[in-house]
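Coordinate inspection notes
Chain by chain, the residues:
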Amino acid sequence: GDPQGLKYQAYLLMAMENFEGAKDAIDAFLETQRSLVWQSDGTTALAAIAGIQGQLEAAGRYLRQNMEVEQQRGIISGFLSAAVSLGSIEVRARGRVDEGVRVVEEALALHPLGTLTPEDRPYASLITFYAEGGRVERARALMSEFEREVPEPVLRGRNWHTATGALAVAEERYDDAIAAFRARYVAGGTCLVCSLYRLGEAYEHAGEPDSALAVYEQAANAHSLWRTFTWGDAIAPTYKRIGEMYEERSEPEKAVEYYNRFVELWNNADEELQPQVREVRSRIARLAVEGR
């Protein structure tokens, strides 16, 4: 079939959370087109799908393929962005901060930021990465460079808010973080969920669980392609967190609803994540017994 049509079919299936169908469509369009542009789009989408399903090894493999493709294309900003995504798997999903930082530092050693025009440097994703990894001094230094080097109209783009919010969380300035993530959401354009997961976390840090739950549910129930690309690795943990919050509130039916969504999404997750799946299954079973 038409490769462009197959690609958009895949994206539509991703938005509908038909991930197996999306994978089939991506494989089909990658077979019809061997261009580096198609390879870039395809590996990015496959990495997102694997991350959503808790298949961290596969996500890492696709991101490394994407880095190779972007290097061949000469799109160094794309290479660095994929490296940050790879590092974020280590930091956010595995809690291995040193390993994540090593991945990103190796990429930056190969392609220093100074070799790119200021507008092409992925400052926002790097600041967010280092802030979330607890490397606050590095994040602050990059923020100073970001604000100094990038022209004002570009700087104040939507990703600046995310970076500002992530740095504020790392510095325990939770009200500032909430304001920044809300600004990112308002500026979202076609992205119905951008920053909502991080906004929910900021509300939790600030001791506002009601606001956190409302935001998490909004993110969990928005149907958007961007949901799968911008925070795919957080979808399942968000379902789990909503389930926990409803369980704490003694609302077992709502808790079980979100726990089931979590289990369904991570049913075929890597073995390293399966202890979480087993724990949630046991919670579902216990809540079912208590509900009789």
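Quick caveat: nothing in here was measured; it's all calculated off a predicted structure.

With that settled, the discussion passes to the nonpolar core. Grouped burial of nonpolar side chains is what soluble globular proteins tend to show. With 97 residues, the main nonpolar core has Ile26, Leu80, Leu126, Ile127, Tyr130, Phe146 and Phe262 as its most contacted residues. Dropping the residues within four chain positions of it, Ile26 is found in contact with Ala10, Gly42, Ala45, Leu46 and Ile49.

With that out of the way, let us pick up the confidence of the model for the chain. Across the chain, the average pLDDT comes to 91, with 96% of residues at or above 70. Ranking the elements of the chain by mean pLDDT puts helix 14 (residues 225–230) last with 71 and helix 6 (residues 97–110) first with 98.

Glancing now at the pattern of salt bridges. Within the structure shown, the criterion is met by 31 salt bridges. Across the pair Arg96 and Glu90 runs a salt bridge whose closest N-O atoms are separated by 2.9 Å. Residue Glu90 is classed as buried on the basis of its relative accessible area of 7%. Connected via shared salt-bridge partners are Glu57, Glu90, Arg94, Arg96 and Glu272.

The next point concerns the layout of surface pockets. Taken as a whole, the second largest pocket encloses approximately 270 Å³ of empty space. Forming the walls of the second largest pocket are 13 residues, and the residues nearest its centre are Glu17, Phe19, Arg261, Glu264 and Leu265. Secondary structure elements with two or more residues in the lining of the second largest pocket: helix 2 (19–32) and helix 16 (252–265). Considering each element in turn, the lining of the second largest pocket owes the most residues, 3 residues, to helix 16.

One pass over the structure, following the stated rule, counts 8 aromatic pairs. When the centroid spacing of 6.0 Å and the interplanar angle of 85° are considered together, the rings of Tyr8 and Tyr11 count as edge-to-face. Taken together, the residues span about one helical turn, with Tyr8 and Tyr11 both in helix 1 (residues 3–15) at a distance of 3 residues. Residue classification places Tyr8 among the partly exposed residues on the basis of a relative accessible area of 45%. Tyr11 sits in the buried class, given a relative accessible area of 14%. A ring pair is formed by Tyr246 and Tyr258, whose centres lie 6.3 Å apart and whose planes are at 15°; its orientation type is stacked. Highlighted residues: Tyr246 in helix 15 (residues 232–248) and Tyr258 in helix 16, separated in sequence by 12 residues.

The rules behind these values
- Residues numbered from 1 in each chain as written.
- Predicted model: local features only at pLDDT ≥ 70, side-chain atom pairs only at ≥ 80, totals over all residues.
- Heavy atoms only, no water.
- Core = buried A, V, L, I, M, F, W, Y, C linked by side-chain atoms within 4.5 Å.
- Buried < 20%, exposed > 50% of the residue type's maximum accessible area, 1.4 Å probe, protein only.
- Contact = heavy atoms within 4.5 Å.
- pLDDT = per-residue confidence, 0-100.
- Helix = DSSP H or I, 4+ residues; strand = E, 2+ residues; numbered from the N terminus.
- Salt bridge = Lys/Arg side-chain N within 4 Å of Asp/Glu carboxyl O.
- 1 Å grid on protein atoms, 1.4 Å probe; cavity = no way out; pocket = protein on both sides within 12 Å on 5 of 7 lines; lining within 4 Å.
- Points joined across faces, edges and corners; volume = space filled by probe spheres on them.
- Phe/Tyr/Trp six-rings, centres within 6.5 Å; stacked < 30°, edge-to-face > 60°.

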